[in-house]
Amino acid sequence: NAGVTQTPKFQVLKTGQSMTLQCAQDMNHNSMYWYRQDPGMGLRLIYYSASEGTTDKGEVPNGYNVSRLNKREFSLRLESAAPSQTSVYFCASSEIRDRGRVAKNIQYFGAGTRLSVL
Amino acid sequence: QKEVEQDPGPLSVPEGAIVSLNCTYSNSAFQYFMWYRQYSRKGPELLMYTYSSGNKEDGRFTAQVDKSSKYISLFIRDSQPSDSATYLCAMSAGIQGAQKLVFGQGTRLTINP
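Parameters and conventions
Residues numbered from 1 in each chain as written. Chains lettered and ligands numbered in written order. Predicted model: local features only at pLDDT ≥ 70, side-chain atom pairs only at ≥ 80, totals over all residues. Heavy atoms only, no water. Pairing = 2+ DSSP bridges. Helix = DSSP H or I, 4+ residues; strand = E, 2+ residues; numbered from the N terminus. Phe/Tyr/Trp six-rings, centres within 6.5 Å; stacked < 30°, edge-to-face > 60°. Buried < 20%, exposed > 50% of the residue type's maximum accessible area, 1.4 Å probe, protein only. Disulfide = S-S within 2.5 Å.

Tell me what's going on with the pairing of strand β5 (residues 45-51) of chain B, and back it up with residues and numbers.
Within a regular strand, side chains alternate between the sheet's two faces. All names here are of chain B. Sheet topology note: the strand β4 (residues 32-38)/β5 ladder contains 6 bridges and is antiparallel. Among the inter-strand pairings, W35 is bridged to a residue of β5, identified as M48. The hairpin formed by β4 and β5 contains 6 residues between the paired strands, and R41 there has a positive phi angle of roughly 65 degrees.

With reference to specific residues and values, describe the packing of aromatic side chains.
With the rule as written, the count across this model stands at 12 aromatic pairs over all chains. On the numbers, 5.6 Å between centres and 40 degrees between planes, the contact of Y35(A) with F109(A) is tilted. With Y35(A) in strand β4 (residues 31-38) and F109(A) in strand β12 (residues 107-109), the pair connects residues that are 74 residues apart, well separated along the chain. Here Y35(A) matches F109(A) in class, with each residue buried. Plain terms: the ring middles of Y36(B) and F103(B) are 5.7 Å apart, the flat faces sit at 50 degrees to each other, and that makes the pair tilted. Of this pair, Y36(B) sits in strand β4 while F103(B) sits in strand β10 (residues 101-103), and the two are 67 residues apart along the sequence. Across this residue pair, the class does not change: Y36(B) and F103(B) are buried. Here the aromatic residues Y33(A), Y35(A), Y48(A), F90(A), F109(A), Y36(B) and F103(B) are joined through ring pairs into a cluster of three or more.

Which residues make up unusual backbone geometry, and what values do they have?
The peptide bond linking T7(A) to P8(A) adopts the cis configuration, its omega dihedral lying at -5 degrees. Mapped onto the elements, P8(A) comes out in the loop between β1 (4-7) and β2 (10-13). The omega torsion of the bond from G9(B) to P10(B) falls at 10 degrees, within 30 degrees of zero and hence cis. With respect to the element layout, P10(B) can be found in the loop between β1 (4-6) and β2 (11-14).

I'd like a description of the state of the cysteines, backed by residues and values.
For the coordinates displayed, the defined rule picks out 2 disulfides over all chains. Covalently, C23(A) is tied to C91(A) through a disulfide, its sulfur atoms 1.9 Å apart. Between C23(A) and C91(A) the sulfur-sulfur dihedral comes to about -75 degrees; the bridge is accordingly left-handed. Here C23(A), found in strand β3 (residues 19-25), pairs with C91(A), found in strand β9 (residues 87-94); they are 68 residues apart in sequence, far enough to count as distant. Here C23(A) and C91(A) have matching classes, each one buried. A sulfur-sulfur distance of 2.0 Å marks the disulfide that ties C23(B) to C89(B). Residues C23(B) and C89(B) share a disulfide whose torsion about the S-S bond is about -105 degrees; that sign makes it left-handed. Separated by 66 residues along the polypeptide, C23(B) in strand β3 (residues 19-25) and C89(B) in strand β9 (residues 85-92) bring together distant segments of the chain. As far as burial versus exposure is concerned, C23(B) and C89(B) are alike and both buried.

Given below as structure tokens:
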């Protein structure tokens with residue numbers, strides 16, 4: 001099993017260009033997530049998809065769009081890239097398991113995409 | 001104030017030392033507590049998780065949760081150079097907050113041979 005696969009691994013864009021980051025998981029998980037990681041800021045949630053056909057905003061959604069293409073794939077699109085979007089982007093997936101009213105949300109991460117916007 | 005606070009370090013210790021990594025949090029609804037390890041230029045990988053309060057041991061690693069103090073710890077015994085990485089704590093709340101995993105900013109740890 002590959003787990004969570006992200007493409008591309010590296011990308012350099014010019015301000016105003018668009019691109020799509022791809023993510024696929026082979027663990028049959030229902031939920032998928034996109035994070036960005038910046039120095040001193042930790043991991044911040046951009047968007048998530050609780051299940052196929054649904055998407056919701058996270059902490060920092062501005063400037064991004066997502067598509068849950070099917071159960072396996074969840075893409076992140078930058079329509080008009082800005083230098084502030086220079087970051088490392090991580091995709092994750094999880095299977096929420098109920099324990100009474102409490103849900104365990106153990107997320108498995110991809111290797112990341114390093115994006116520079118000039 | 002951030003929901004989860006973690007000292008970013010860096011922390012540098014000699015091989016064989018006991019390492020203590022800590023996080024504090026403000027949201028009393030958090031029930032699941034996790035530690036992720038992230039090697040340089042890699043994605044985070046789950047190291048340990050605990051539910052509610054108490055201790056959990058896995059080999060050289062022990063996770064401790066004190067909900068009364070809103071404080072969690074990860075102890076590494078007999079530390080090895082291969083333990084050099086950034087350690088992130090993460091927490092999630094009940095079913096209403098199931099989708100939200102809140103991360104600390106990570107502590108960068110170096111084990112010196």
